[in-house]
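These are the residues of each chain, in order.
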Amino acid sequence: MNKNNRQKLSESRKYSIKEGIFSSARTSLGDSYVAPFAIAIKASNSVVALLTSVLGLLGPLSQVLGSRLIKKESRKKILVKTIFIEALMWIPFIAIAALFYFNIITNLLPLALLFFFSIYTIFQNIGYPAWFSWMGDMVEEKSRGMWFSKRNLIMGVASVIIAIFAALLLDYFKKQSLELAGFSILFLLALFSRLISLKILKKQYEPKIKIKDQNYFSFKEFFLNAKNNNFGRFTIYRAMIALSSAVCASLVAVYLIRDLQFSYTNYMLVIMGGTFISLFSMEIWGKFADKYGNYKTIVISSVVI
């Protein structure tokens, strides 16, 4: 790799960290408050649960489609298109808040929210394989762990701070009987945050992709051979973890906000508690894994979970 390309990659990695901050701001201002927003517009428990479930169903299916697009179009173009559409999806959310406030077709609004959130989830995940592949080419293999841990730490701190700020803002508007206006402001900020992250992403350099057809395998081949290789067995393990958490995770927001009457600030402190603790525990688990191995780390953490 020549000096010019190395310099472009170095600058792009810096841009990626900045992009990640605004991307995490979108999550903290928008994604984290979709379930509370559904509760605010009187959605049933089933609809609130489905809002969480579509992430687990439509997300992976969309990523399968996204992985195929990489062969047809540049990764940057894929992300520019999907992120732009994803950002625009916050506009219907704001419209739903306005319609509910003015008592217009209120009985249909929870279903409308589910519909638009599904579209949002699809476009959010279609671009993920392109982003993951792009980042893999942008960061040298020997330094990926250190670089991604640094990026994730910065994004994690930003996420916690912004999410708590958003919760305080919502509680303030709720006291003024303007709860829906508070949600609208958060969703508008989420839209702008994503557009800013898109603007930063456009500045990143995209190395030429190298696709090796011999590395390709179909979902059927993977499914039939999953139990016979480490990656397949690990995937089954992750699927079981996801299944067990999904039993109750989809209704956590309902339980905390509707049943226990938590304020938005207390709700977000609980929800973001895991993210906050992980920022400090990842390094400890990393040292443990280096000393005793990844297998023992997974076994111990799985038993505790």
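Draft legend 1. Quick peek at the pattern of salt bridges. Inspection of every chain in the model, using the stated rule, returns 8 salt bridges. The shortest N-O distance in the salt bridge between Arg151 and Glu19 comes to 3.1 Å. Residue Arg151 is located in helix H8 (residues 144–175), and its partner Glu19 is located in helix H1 (residues 3–29); the two are separated by 132 residues in the primary sequence. Here Arg26 and Glu86 are joined by a salt bridge, their closest N and O atoms 2.2 Å apart. Note that Arg26 is positioned in helix H1 and Glu86 in helix H4 (residues 75–88), a separation of 60 residues in sequence. Of the two residues, Arg26 and Glu86, neither departs from the other in class, the shared state being buried. Here the salt bridges share partners, and the residues they tie into one network are Glu19, Arg26, Asp31, Glu86, Arg151 and Arg194.

Draft legend 2. Spatial organisation of the side chain of Gln204. Among the structural elements, Gln204 can be located in the loop between helix H9 (179–201) and helix H10 (219–225). Using a relative accessible area of 2% as the deciding quantity, one classes Gln204 as buried. Polar contacts involving the side chain of Gln204 include one to the main-chain amide nitrogen of Ser16, which spans 3.4 Å. The contacts of Gln204, once residues within four sequence positions are left out, are Ser12, Tyr15, Ser16, Glu19, Lys76, Trp134, Met135 and Met138.

Draft legend 3. Representation of the nonpolar core in the model. With 47 residues, the main nonpolar core has Tyr33, Phe37, Ile41, Trp90, Leu113 and Phe183 as its most contacted residues. Looking at this core, the element that brings in the most residues is H8, giving 7 residues. Residue contacts for Phe183: discarding those within four places in its chain leaves Tyr33, Pro36, Phe37, Ala40, Leu170 and Tyr264. Membership of the second largest hydrophobic core comes to 15 residues, among which are Leu9, Ile70, Ala130 and Trp134.

Draft legend 4. Focus on H4. The end-to-end C-alpha separation of H4 is 20 Å, in line with the 20 Å expected for 14 residues at 1.5 Å each. Residues of H4 that are buried make contact with H1, helix H3 (45–69), helix H5 (90–101), helix H6 (109–126), helix H7 (128–138) and H9.

Draft legend 5. A positive patch on the surface, seen in detail. On the surface, Lys14, Lys18, Lys150, Lys199 and Lys203 cluster together into a positively charged patch. Under the relative-accessibility criterion, Lys14 is labelled exposed at 56%.

Draft legend 6. Representation of a nonpolar patch on the surface. A grouping of Tyr101, Phe102, Ile104, Ile105, Leu108, Leu111 and Leu178 is seen on the molecular surface, where their side chains present a nonpolar patch of about 710 Å² in accessible area. Here Leu111 is to be found in helix H6.

Draft legend 7. Spotlight on the packing of aromatic side chains. Inspection of every chain in the model, using the stated rule, returns 18 aromatic pairs. Note on Phe37 and Phe187: the rings are 5.1 Å apart at their centroids and 85 degrees apart in plane angle, and the pair reads as edge-to-face. One end of the pair, Phe37, is in helix H2 (residues 34–40); the other, Phe187, is in helix H9, and 150 residues separate them in sequence. The exposure class assigned to Phe37 is buried, which follows from its relative accessible area of 0%.

Draft legend 8. Inspection of H3 at higher detail. If you check H3, its first and last C-alpha atoms are 36 Å apart, about what 25 residues at 1.5 Å a residue would give, namely 36 Å. Where H3 bends most, at Ser53, the angle is about 35 degrees. Within H3, burial applies to Val47, Val48, Ala49, Leu51, Val54, Gly59, Ser62 and Gly66.

Draft legend 9. Examining the environment of Ile236 more closely. Structurally, Ile236 can be placed in helix H11 (residues 230–249). Through-space distance from the C-alpha of Ile236 to that of Thr275 is 24 Å; in sequence the pair is 39 residues apart.

Draft legend 10. Focus on the side chain of Arg75. The topology assignment puts Arg75 in helix H4. The class for Arg75 is buried, based on a relative accessible area of 1%. A distance of 2.9 Å separates a polar atom in the side chain of Arg75 from a polar atom in the side chain of Ser133. Setting aside residues no more than four positions away along its own chain, Arg75 makes contact with Ile70, Ala130, Ser133, Trp134, Asp137, Glu206, Pro207, Lys208 and Ile209.

Draft legend 11. Molecular detail of the packing of H4 against H9. At their nearest, the axes of H4 and H9 sit 9 Å apart, and the two run at 165 degrees to each other. It follows that H4 is roughly antiparallel to H9 by the angle criterion. Of the two elements, H4 crosses H9, and the hand of that crossing is left-handed. In contact with Lys76, Leu79, Val80, Ile83, Phe84, Glu86 and Ala87 of H4, H9 contributes Leu191, Arg194, Leu195, Leu198 and Leu201. Counted by class, the contact of H4 with H9 contains 9 nonpolar, no polar and 3 charged residues.

Draft legend 12. How the structure looks around the packing of H1 against H7. Look at H1 against H7: their axes get within 10 Å of each other, and the N-to-C directions meet at 140 degrees. Judged on the interaxial angle alone, H7 and H1 are oblique. Considering how the two elements wind past one another, H1 and H7 form a crossing that is left-handed. Contact residues: Leu9, Ser12, Arg13, Ser16 and Glu19 in H1; Trp131, Met135, Asp137 and Met138 in H7. Among the residues forming the contact of H1 with H7, the class breakdown is 4 nonpolar, 2 polar and 3 charged.

Rules used in this analysis
Residues numbered from 1 in each chain as written. Predicted model: local features only at pLDDT ≥ 70, side-chain atom pairs only at ≥ 80, totals over all residues. Heavy atoms only, no water. Salt bridge = Lys/Arg side-chain N within 4 Å of Asp/Glu carboxyl O. Helix = DSSP H or I, 4+ residues; strand = E, 2+ residues; numbered from the N terminus. Buried < 20%, exposed > 50% of the residue type's maximum accessible area, 1.4 Å probe, protein only. Polar contact = N/O pair within 3.5 Å; in protein donor to acceptor, adjacent residues only side chain to side chain. Contact = heavy atoms within 4.5 Å. Core = buried A, V, L, I, M, F, W, Y, C linked by side-chain atoms within 4.5 Å. Expected span 1.5 Å × (residues − 1). Patch = residues over 30% accessible without salt bridge, like charges linked within 9 Å, V, L, I, M, F, W, Y side chains within 5 Å. Areas by Shrake-Rupley, 256 points an atom, 1.4 Å probe, with all protein chains shown as cover. Lys, Arg positive; Asp, Glu negative; His and termini not counted. Charge placed at Lys NZ, Arg CZ, Asp CG, Glu CD. Phe/Tyr/Trp six-rings, centres within 6.5 Å; stacked < 30°, edge-to-face > 60°. Bend = angle between axes of the 7 residues up to and from the residue. Axes fitted to C-alpha atoms, helices over the stretch in contact; angles between N-to-C directions. Parallel < 35°, antiparallel > 145°, perpendicular 65-115°, else oblique. Left-handed = near helix turned anticlockwise from the far one by under 90°. Nonpolar A, V, L, I, M, F, W, Y, C, P; charged D, E, K, R; others polar.

Keep in mind these values describe shape, not function.
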